[in-house]
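Structure at a glance
So the chains spell out like this:
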Amino acid sequence: KAGVTQTPRYLIKTRGQQVTLSCSPISGHRSVSWYQQTPGQGLQFLFEYFSETQRNKGNFPGRFSGRQFSNSRSEMNVSTLELGDSALYLCASSLSGQSYGYTFGSGTRLTVV
Amino acid sequence: AQTVTQSQPEMSVQEAETVTLSCTYDTSENNYYLFWYKQPPSRQMILVIRQEAYKQQNATENRFSVNFQKAAKSFSLKISDSQLGDTAMYFCAFLVTNAGKSTFGDGTTLTVKP
């Protein structure tokens, strides 16, 4: 079956702009989580969506938001981009309880200039 | 709050040898899961092995096995017969049942040398 698909793979944006990243989970997986990966901070949890509802949220400012559609596809949005938002953004899908672990996408590499 | 510590930022091993990556965690919870993920240089992270905290038996997946010491809050990964394709960053992760998110360690970069 198809894996987790993230688009786009690479993105370059200017400070102050906004960006939307997309993630399509594995068929049957209803939970979608987003992580930010940077060399300095490692993997930081952004949020988790389940059945179109945000179920958990990490410690990121309100500029970071997301949503999930009825087909489980998810988007995350970052508004008013800052240089520090440059990172690899990973989407991970899982069965409802995550106890079987995540299936990750290839990520979106965001560079803010 | 849960924390995960991987004390070895980098390690190397000769092909065909055995290597052990360390991971310790801190939690007051009793029901949780532990994972090792592998992120090769091409960057897609994949699940290597999973351990349920209430099971005393150590998990094994082919050449990968864990040494789970619940009282010591230790969860090390042993890779036997190392192969060049094992070169990757390895992350230890911890999930409290129903917490909704995993906490990751900072990772260990493993290089397998020919």
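Before going into details, it helps to say that this report is about the structure given with it. (Residues numbered from 1 in each chain as written. Chains lettered and ligands numbered in written order. Predicted model: local features only at pLDDT ≥ 70, side-chain atom pairs only at ≥ 80, totals over all residues. Heavy atoms only, no water.)

Quick look at the pairing of strand E8 (residues 74-78) of chain A now. All names here are of chain A. Most of E8 is tucked away, with 5 of its 5 residues classed as buried. A two-sided burial pattern is seen for E8, the buried positions comprising Ser74, Met76 and Val78 on one face and Glu75 and Asn77 on the other. Sheet topology places strand E3 (residues 19-24) next to E8; 5 bridges connect them, and they run antiparallel. Bridge pairing links Val19 to Val78 in E8. With 5 bridges joining them, strand E7 (residues 64-68) and E8 adopt antiparallel strand pairing. Of the residues in E8, the one forming a bridge with Arg67 is Glu75. If you look at the hairpin formed by E7 and E8, you'll find 5 residues sitting between the two strands, and Ser72 has a positive phi there, around 80°. (Buried < 20%, exposed > 50% of the residue type's maximum accessible area, 1.4 Å probe, protein only. Helix = DSSP H or I, 4+ residues; strand = E, 2+ residues; numbered from the N terminus. Pairing = 2+ DSSP bridges.)

The next subject is the interface of chain B and chain A. Taken residue by residue, the interface counts 16 residues in chain B and 21 residues in chain A. When chain B packs against chain A, close to 1700 Å² is buried across both sides, 49% of that on carbon and sulfur atoms. If you look at where chain B meets chain A, you find 0 salt bridges. At the junction of chain B and chain A, the tally comes to 7 residue pairs in polar contact (both at pLDDT 80 or more). Of all the secondary-structure elements, those providing two or more residues to the side of chain B that touches chain A are strand E5 (32-39), strand E6 (46-52), strand E10 (88-96) and strand E11 (102-104) of chain B. Among the residues forming the side of chain B that touches chain A, the class breakdown is 9 nonpolar, 4 polar and 3 charged. (Contact = heavy atoms within 4.5 Å. Buried area = accessible area lost by both parts, 1.4 Å probe. Salt bridge = Lys/Arg side-chain N within 4 Å of Asp/Glu carboxyl O. Polar contact = N/O pair within 3.5 Å; in protein donor to acceptor, adjacent residues only side chain to side chain. Nonpolar A, V, L, I, M, F, W, Y, C, P; charged D, E, K, R; others polar.)

This part is about the environment of B:Lys113. Residues and elements named next belong to chain B. For Lys113, the position within the fold is in strand E12 (residues 108-113). C-alpha separation for the pair Lys113 and Ala99, spaced 14 residues apart in sequence, amounts to 39 Å. If sequence neighbours within four positions are ignored, Lys113 has contacts with Ser12, Val13, Gln14, Glu15 and Leu84.

Residue and element names in this part refer to chain B. Within the secondary structure layout, Arg63 lies in the loop between strand E7 (60-61) and strand E8 (64-69). Polar side-chain contacts of Arg63 include one of 3.2 Å to the backbone oxygen of Asp81. In contact with Arg63, not counting residues within four places along its chain, are Lys78, Ile79, Ser80, Asp81, Ser82, Gln83 and Asp86.

Moving on: the state of the cysteines. All names here are of chain A. In total, this model carries 2 disulfides over all chains according to the counting rule given. There is a disulfide in this structure between Cys23 and Cys91, and the S-S distance comes to 1.8 Å. Residues Cys23 and Cys91 share a disulfide whose torsion about the S-S bond is about -55°; that sign makes it left-handed. Note that Cys23 is positioned in strand E3 and Cys91 in strand E9 (residues 87-94), a separation of 68 residues in sequence. Of the two residues, Cys23 and Cys91, neither departs from the other in class, the shared state being buried. (Disulfide = S-S within 2.5 Å.)

All names here are of chain B. Within the secondary structure, Ser82 is located in the loop between strand E9 (74-79) and E10. Overall, Ser82 belongs to the buried group, its relative accessible area being 1%. Among the polar contacts made by the side chain of Ser82, one reaches the main-chain carbonyl oxygen of Glu17 at a distance of 2.8 Å. Aside from chain neighbours lying at most four places away, what touches Ser82 is Val13, Gln14, Glu15, Ala16, Glu17, Val19, Arg63 and Val112.

All names here are of chain A. Within the open sheet, the 4 strands sit side by side as E1-E3-E8-E7. Their pairing is antiparallel. Two strands close off the open sheet at either side, each with one partner strand: strand E1 (5-7) and E7. Neighbouring strand axes in the sheet, compared pairwise and without regard to direction, differ in orientation by 15° on average. (Axes fitted to C-alpha atoms, helices over the stretch in contact; angles between N-to-C directions.)

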